[in-house]
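# Observations on the model geometry
What follows is each chain in one-letter form.
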Amino acid sequence: FLFGFRKLWLSAPQQAARPTTPLAQSMPIELEAPFWGFMGAAFALVFSNMGAAYGTGKSGIGISTLGVGQPELIMKSIVPVVMAGGVGLYGLLIA
């Protein structure tokens, strides 16, 4: 799917603005660079949120287990859930 989209996107006629400096004129313009840039941003967003979901799930299991034995410590064990949510927000900012 991804590489078929890449072929479609690259086969479309595009007019790239040529830079005016001599050094930049000697460098080729790669038309696939935005594709890989957006793919990197998408992967950063997806994997950071998958990690945040995994961390939240594992923390929730721990809180549930703790609540059975020592219910007075439940509020102290909320911190890992908040930290796992912070990982998702950080991934959103990076992407």
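Residues numbered from 1 in each chain as written. Predicted model: local features only at pLDDT ≥ 70, side-chain atom pairs only at ≥ 80, totals over all residues. Heavy atoms only, no water.

### What about the confidence of the model for the chain?
As a general rule, the predicted coordinates of low-pLDDT regions are not to be interpreted in detail. Across the chain, pLDDT averages 80, with 69% of residues at or above 70. Across the chain, helix H3 (residues 33-69) holds the top mean pLDDT of 91, while helix H1 (residues 2-11) sits lowest at 56. (pLDDT = per-residue confidence, 0-100. Helix = DSSP H or I, 4+ residues; strand = E, 2+ residues; numbered from the N terminus.)

### Here we look at H3
Helix length check: H3, at 37 residues, gives a terminal C-alpha distance of 55 Å against a target of 54 Å (1.5 Å per residue), a fit within 8%. Those residues of H3 lying buried are Phe35, Met39, Ser48, Ala52, Gly55, Ser59 and Ile63. (Expected span 1.5 Å × (residues − 1). Buried < 20%, exposed > 50% of the residue type's maximum accessible area, 1.4 Å probe, protein only.)

### Some words on helix H4 (residues 79-94)
Its 16 residues place the ends of H4 23 Å apart at the C-alpha level, agreeing with the 22 Å of an ideal helix rising 1.5 Å per residue. Taken as a whole, H4 has its buried residues at Ala84, Gly88 and Gly91. The arc enclosing the buried residues of H4, seen along the axis, measures out at 60°, which places them on a common side. Exposed residues on H4 whose side chains face more than 90 degrees from its buried face are Val82, Met83, Leu89, Tyr90, Leu93 and Ile94. Summarising the contacts, the buried residues of H4 are in contact with H3. (Arc of directions from axis to C-beta. Contact = heavy atoms within 4.5 Å.)

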